[in-house]
Number of protein chains: 2
Amino acid sequence: MNVGVLFSGGKDSSLAALLLEPLADVTLLTATFGVTHDHEHAAAAGRALGFPVEALELDAAVAEAAVEQLVADGFPRNGIQQVHEHALERAPTGTPEGSDSFDAIADGTRRDDRVPTVSRSLAQSLEDRHGIHHLAPLAGFGRGAIDHLVEANFTVESGPSEALPTGDYEGELRTLLLESHGVETVEDIFPPHEQSRVTGRL
Amino acid sequence: MNVGVLFSGGKDSSLAALLLEPLADVTLLTATFGVTHDHEHAAAAGRALGFPVEALELDAAVAEAAVEQLVADGFPRNGIQQVHEHALERAPTGTPEGSDSFDAIADGTRRDDRVPTVSRSLAQSLEDRHGIHHLAPLAGFGRGAIDHLVEANFTVESGPSEALPTGDYEGELRTLLLESHGVETVEDIFPPHEQSRVTGRL
């Protein structure tokens, strides 16, 4: 089974890839709107884990709509969810290298996640429309189990979110938001928080 | 991480164990009320997969209550769910070999399962009360993906449910139901269906 895993360089998508590794041919997909080069950090993390990596080009119009949503809401949840759903739609056909040969698309969504989430109906809709499987290897794992498994399997670096670029959706949305609405809006919507990035295997 | 996996010898719990194998020390737990020897078929399947196997003794009073529930409902869903929740409660401390050293308890519940299910609140309650993790490695996998992975990884034998004993809860409940209510009630509640049992790895 050829699986494309949406990959940010963070703990969750790294662990999702590791869980699938013995059962599938895993390719990591680093999503980007082309706004920043942050996805290259994710690609480097993916190569450090030993997986092939492809860039997944997202539609700039979706980023603009997500930024409007962020500003209207004053919090990130809905905008991030929109971007994730778009990435899931693009993944089956969206990389220049021709990932339309994937049998399945996976992500690192967790049992206790509030965003992004992939409901059973969304997963089934993706499967029916694209003729692929959707896999969420961490959907049955809580935060504690994931921390335990990450600690046992990866080296990780941590730092403040504004200083440690990763390949998640936040980085590019922050940049667009900064350009259009200024630093105060960015800090309102994305308060500084500790971020982490996987750097290799133990 | 030491993980006890509730194991019936069927496809789902076999695949759950396989997914956890690279990340954890897996012990298979074959649950039994002591009503039949069906769990020995599960134990044989587990050994054929190369895992250590322990018997998990369930409380006969729970089986009796489940049979009453089956008869009252006329369908198996609630009775099976009660037994599964009981097995999850017993697993952290329930084997003679002393599985209270498990860091986590896992099962083969799937994204599209109607029964048994483990809701997020049930999982979190188990974790809080027993100081363990609950893992459902297939919670983010649909039927199609599971069939694909089973076919690629296991040898399987199939047959009618009444002729192919496995270690799932149905076998012992059928036996108790037959003794107390006769064959017609058994066939009403558990109509004959195709059953399958894992026999080894490919």
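The preceding data block contains the structure.
Computed from a predicted model, the values in this text were never measured in an experiment.

Here's the deal with the pairing of strand β3 (residues 53-57) of chain A
Only one face of β3 of chain A is buried: it carries Glu54 and Leu56 of chain A, and the other face, with Val53, Ala55 and Glu57 of chain A, is open. Handedness of the β-α-β unit built from strand β2 (residues 25-32) of chain A, helix α2 (residues 39-48) of chain A and β3 of chain A comes out right-handed.

Things to note about the environment of Gly50 of chain A
Looking at where Gly50 of chain A falls in the secondary structure, it is placed in the loop between α2 and β3. Between the C-alpha atoms of Gly50 of chain A and Gly200 of chain A, which are 150 residues apart in sequence, the distance is 8.7 Å.

Some details on the pairing of β2 of chain A
All names here are of chain A. For β2, the buried fraction is high: seven of the eight residues fall into the buried class. Pairing analysis gives five bridges linking strand β1 (residues 2-6) to β2, with the strands arranged parallel. What sits directly across from Val3, in β2, is Val26.

Looking at the packing of helix α4 (residues 77-90) of chain B against helix α5 (residues 120-130) of chain B
All names here are of chain B. The N-to-C vectors of α4 and α5 enclose an angle of 25 degrees; their axes lie 10 Å apart at closest approach. Here α4 lies roughly parallel to α5, going by the angle between them. Where α4 crosses over α5, the two elements pack in a sense that is right-handed. Across from Glu85, Leu88 and Glu89 in α4, the residues of α5 making contact are Leu122, Leu126, Arg129 and His130.

Overview of the sheet that holds strand β5 (residues 133-135) of chain B
Residue and element names in this part refer to chain B. Read across the sheet, five strands follow the order β3-β2-β1-β4-β5 without closing on themselves; strand pairing throughout is parallel. With one partner strand each, in any of the chains shown, β3 (53-57) and β5 form the two edges of the open sheet. For this sheet, the mean inter-axis angle between neighbouring strands, taken without regard to orientation, is 30 degrees.

Focus on the side chain of Ser8 of chain A
Residues and elements named next belong to chain A. Position of Ser8 relative to the elements: it lies in the loop between β1 and α1 (11-20). Within the structure, the side chain of Ser8 is placed 3.1 Å from the backbone nitrogen of Gly10, a separation counted as a polar contact. What Ser8 contacts, discounting residues up to four positions off in sequence, is Ser13, Ala42, Thr166, Gly167 and Asp168.

A word on the relation of the copies chain B and chain A
Laying chain B over chain A is done by rotating through 180 degrees and shifting 0.0 Å along the axis; what remains is an RMSD of 0.0 Å. A rotation of that kind, with that shift, is consistent with a two-fold axis. Scanning chain B for the C-alpha nearest the rotation axis identifies Ala139 of chain B, at a separation of 2.7 Å. A shared interface surface links the copies, since 100% of the contact residues of chain B are contact residues in chain A too.

Here's the deal with the interface of chain B and chain A
Note on interface size: it is often stated as the accessible area lost on association of the parts. Taken residue by residue, the interface counts 28 residues in chain B and 28 residues in chain A. Both sides of the chain B and chain A interface together cover about 2300 Å² of buried area, and 62% of this is carbon and sulfur. Looking only at chain B, the three residues that lose the most surface to chain A are Leu23, Arg111 and Arg120 of chain B, adding up to 27% of its buried area. Across the chain B-chain A interface, the total number found is two salt bridges. Where Arg111 of chain A meets Glu127 of chain B, a salt bridge forms, and the shortest distance between an N and an O atom there is 2.8 Å. Across the chain B-chain A interface, the total number found is ten residue pairs in polar contact (both at pLDDT 80 or more). Within the residue set of the side of chain B that touches chain A, elements represented by two or more residues are α1 (11-20), α5, β5 and α6 (143-153) of chain B. Tallied by class, residues from the side of chain B that touches chain A come to 15 nonpolar, seven polar and six charged.

Things to note about the sheet that holds strand β4 (residues 104-106) of chain A
Paired through their backbone hydrogen bonds, the strands of a sheet run either parallel or antiparallel. Residues and elements named next belong to chain A. Pairing within the open sheet is parallel, and its five strands lie in the order β3-β2-β1-β4-β5. Only two strands of the sheet have a single neighbouring strand rather than two, namely β3 and β5 (133-135). Within the sheet, the average angular offset between the axes of one strand and its neighbour, ignoring direction, is 30 degrees. In this structure, β2 lies alongside β3, joined through five bridges in parallel fashion.

A few points about the environment of Leu28 of chain B
Note on placement: Leu28 of chain B falls in strand β2 (residues 25-32). In contact with Leu28 of chain B, other than residues within four places in its own chain, are Val5, Phe7, Ala17, Gly46, Phe51, Pro52, Val53 and Glu54 of chain B.

Notes on unusual backbone geometry
At the junction of Val115 of chain A and Pro116 of chain A, the peptide bond is cis and its omega measures out at -10 degrees in the coordinates. By secondary structure assignment, the location of Pro116 of chain A is in the loop between β4 and α5 (120-130).

Section: a negative patch on the surface
A grouping of Glu162, Glu184, Glu187 and Asp188 of chain A is seen on the molecular surface, where their side chains present a negatively charged patch. With respect to the secondary-structure elements, Glu162 of chain A resides in the loop between β6 (154-160) and α7 (169-181).

Some points on α2 of chain A
Because an α-helix completes one turn every 3.6 residues, residues spaced three or four positions apart along the sequence face the same direction. Residues and elements named next belong to chain A. Of the residues making up α2, those classed as buried are His39, Ala42, Ala43, Ala45 and Gly46. On an axial view of α2, the arc spanned by its buried residues comes to 160 degrees, and they lie on one face. Residues of α2 that are buried in the fold lie against β2, β3 and β7 (194-201). Just beyond α2, the residue with positive phi is Gly50, at close to 90 degrees.

Reading the values: the criteria
Residues numbered from 1 in each chain as written. Chains lettered and ligands numbered in written order. Predicted model: local features only at pLDDT ≥ 70, side-chain atom pairs only at ≥ 80, totals over all residues. Heavy atoms only, no water. Buried < 20%, exposed > 50% of the residue type's maximum accessible area, 1.4 Å probe, protein only. Helix = DSSP H or I, 4+ residues; strand = E, 2+ residues; numbered from the N terminus. Right-handed = clockwise from strand over helix to strand, strands pointing away. Pairing = 2+ DSSP bridges. Axes fitted to C-alpha atoms, helices over the stretch in contact; angles between N-to-C directions. Parallel < 35°, antiparallel > 145°, perpendicular 65-115°, else oblique. Left-handed = near helix turned anticlockwise from the far one by under 90°. Contact = heavy atoms within 4.5 Å. Polar contact = N/O pair within 3.5 Å; in protein donor to acceptor, adjacent residues only side chain to side chain. Least-squares fit on C-alpha atoms with pLDDT ≥ 70 in both. Buried area = accessible area lost by both parts, 1.4 Å probe. Salt bridge = Lys/Arg side-chain N within 4 Å of Asp/Glu carboxyl O. Nonpolar A, V, L, I, M, F, W, Y, C, P; charged D, E, K, R; others polar. Patch = residues over 30% accessible without salt bridge, like charges linked within 9 Å, V, L, I, M, F, W, Y side chains within 5 Å. Areas by Shrake-Rupley, 256 points an atom, 1.4 Å probe, with all protein chains shown as cover. Lys, Arg positive; Asp, Glu negative; His and termini not counted. Charge placed at Lys NZ, Arg CZ, Asp CG, Glu CD. Arc of directions from axis to C-beta.

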